[in-house]
Amino acid sequence: MPLTRAQPAPGPEAMETVAPAVDLVLGASACCLACVFTNPLEVVKTRLQLQGELQARGTYPRHYRGFLASVVAVVRADGLCGLQKGLAAGLLYQGLMNGVRFYCYSLACQAGLAQQPGGTVVAGAVAGALGAFVGSPAYLVKTQLQAQTVAAMAVGHQHPHQSVLDALGTIWRQQGLAGLWRGVGGAVPRVMVGSAAQLATFASAKAWVQEQQWLPEDSWLVALAGGMISSVAVVTVMTPFDVVSTRLYNQPVDGAGRGRLYGGLADCLVKIWRQEGPLALYKGLGPTYLRLGPHTILSMLFWDELRKLAGRAQHQGS
């Protein structure tokens, strides 16, 4: 049965059934492809979310102001290549996280969970949590590499990593295995709410667009429209957790590997609210949407189209 709808309509999409293992490869591939295009937005978003950390508004220099000005600031400080900082770690994260996420979601749908009330939300949240846990070390490194810049433009703590492997090795030597999963307490809720919103709203949005019959049922535009609707829901619920996750991953640690600024998810939320104000939880909202929006749209579009191709190939081979 298709992953994206509980009751497929007759026609080409009825052949979209693919094995969970295939969904693992397709989901990871689609999201990695989307990551190449959206990583510059992730760099800008990370800088904006770290700017003014635990400082009241107006008491710190604002090196990054809005999306376009921040892009220019990154290019001036780090060159054009600076917009792709952390790309290797980002690709590793997308492959690990989304491979696990789509695989587990496909298993849940294959077991019939998607036909139950709220089943897509539960399946999406659980699959997202598992994916976030597996991909957490890569996200940790990605965040720290994307925050790196020249001293005059630095925001947040600066980690002196030279590459993904150097970062992983340094963290392992200094903090042990647990250090690679530092910050996972913020990443799991972040991806749980985002994954639940993305997979559930994409499924229902795509079905709704098809019901309106505005577009040919087997057109890629149906998935595009569904992804656009889904992206709004994803960004709305995910941004506060995204800010917290960035802070937890990038904070400095003491000799015992404990964060020097935040004790965990709840502590970070409270400190941001009290010291920076509630709107700080939506820092970088514009770049966040420009990053998560296209990423959601492209990921779901690529995934949906790849599933169609895989389903048709499987049907023809049977």
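Residues numbered from 1 in each chain as written. Predicted model: local features only at pLDDT ≥ 70, side-chain atom pairs only at ≥ 80, totals over all residues. Heavy atoms only, no water.

So, about helix 7 (residues 220-250). Its 31 residues give helix 7 an end-to-end C-alpha distance of only 38 Å, which falls more than 12% under 45 Å, the value for a rise of 1.5 Å per residue. Of all the bends in helix 7, the greatest, near 50°, is centred on M238, and the proline P240 appears no more than four residues after it. (Helix = DSSP H or I, 4+ residues; strand = E, 2+ residues; numbered from the N terminus. Expected span 1.5 Å × (residues − 1). Bend = angle between axes of the 7 residues up to and from the residue.)

Okay, the packing of aromatic side chains next. Under the definition given, this model contains 3 aromatic pairs. Each ring, one from Y93 and one from Y139, has its centre 4.8 Å from the other, and the planes form 70°; the classification is edge-to-face. One end of the pair, Y93, is in helix 3 (residues 87-110); the other, Y139, is in helix 4 (residues 119-147), and 46 residues separate them in sequence. Across this residue pair, the class does not change: Y93 and Y139 are buried. Ring plane angle 40° and centroid distance 5.2 Å describe the contact between Y139 and Y249, whose orientation is recorded as tilted. Linking Y139 in helix 4 with Y249 in helix 7, this pair joins segments that are 110 residues apart in sequence. Here Y249 falls in the buried class, since its relative accessible area comes to 0%. Between the NZ or CZ atom of R101 and the centre of the ring of F102, over which it lies, the distance is 4.8 Å. For K142, the ring lying beneath its charged end belongs to Y139, and the centroid distance is 4.2 Å. (Phe/Tyr/Trp six-rings, centres within 6.5 Å; stacked < 30°, edge-to-face > 60°. Buried < 20%, exposed > 50% of the residue type's maximum accessible area, 1.4 Å probe, protein only. Lys NZ or Arg CZ within 6 Å of the ring centre and 35° of its normal.)

A word on a nonpolar patch on the surface. Taken together, the side chains of L92, L96, F133 and V134 present a nonpolar region at the surface, about 310 Å² in accessible area. Of all the secondary structure elements, the ones that give two or more residues to the nonpolar patch are helix 3 and helix 4. Residue placement: L92 occurs in helix 3. The class for L92 is partly exposed, based on a relative accessible area of 37%. (Patch = residues over 30% accessible without salt bridge, like charges linked within 9 Å, V, L, I, M, F, W, Y side chains within 5 Å. Areas by Shrake-Rupley, 256 points an atom, 1.4 Å probe, with all protein chains shown as cover. Salt bridge = Lys/Arg side-chain N within 4 Å of Asp/Glu carboxyl O.)

Along the chain, A200 falls in helix 6 (residues 184-212). Setting aside residues no more than four positions away along its own chain, A200 makes contact with T120, V121 and S195. (Contact = heavy atoms within 4.5 Å.)

Okay, the side chain of T149 next. Here T149 is to be found in the loop between helix 4 and helix 5 (164-175). Looking at T149, the relative accessible area reads 15%, which means it is buried. Reaching out from T149, the side chain makes a polar contact with the side chain of D78 at a distance of 3.0 Å. Not counting the four nearest positions on each side in its chain, T149 is found in contact with R47, Y64, A77, D78, K85, A154 and Q158. (Polar contact = N/O pair within 3.5 Å; in protein donor to acceptor, adjacent residues only side chain to side chain.)

In contact at an axis separation of 9 Å, helix 1 (residues 20-50) and helix 4 are set at 75° when each is read in the N-to-C sense. Classified by the interaxial angle, the pair formed by helix 1 and helix 4 is roughly perpendicular. Side by side, helix 1 and helix 4 meet where N39, E42, V43, K45, T46, R47 and L50 of the first sit next to Y139, K142, T143, Q146 and A147 of the second. Counted by class, the contact of helix 1 with helix 4 contains 4 nonpolar, 4 polar and 4 charged residues. (Axes fitted to C-alpha atoms, helices over the stretch in contact; angles between N-to-C directions. Parallel < 35°, antiparallel > 145°, perpendicular 65-115°, else oblique. Nonpolar A, V, L, I, M, F, W, Y, C, P; charged D, E, K, R; others polar.)

With numbering aligned to this structure, UniProt lists the feature "repeat: Solcar" (unreviewed entry) at residues 18-111, 115-208 and 218-309. Measuring from the first to the last C-alpha atom of residues 18-111 gives 13 Å, for a span that is 72% helix and 0% strand. As annotated, residues 115-208 has a helix share of 70% and a strand share of 0%, and its two end C-alpha atoms lie 16 Å apart. (UniProt positions renumbered as here; feature names shortened; annotations may be inferred.)

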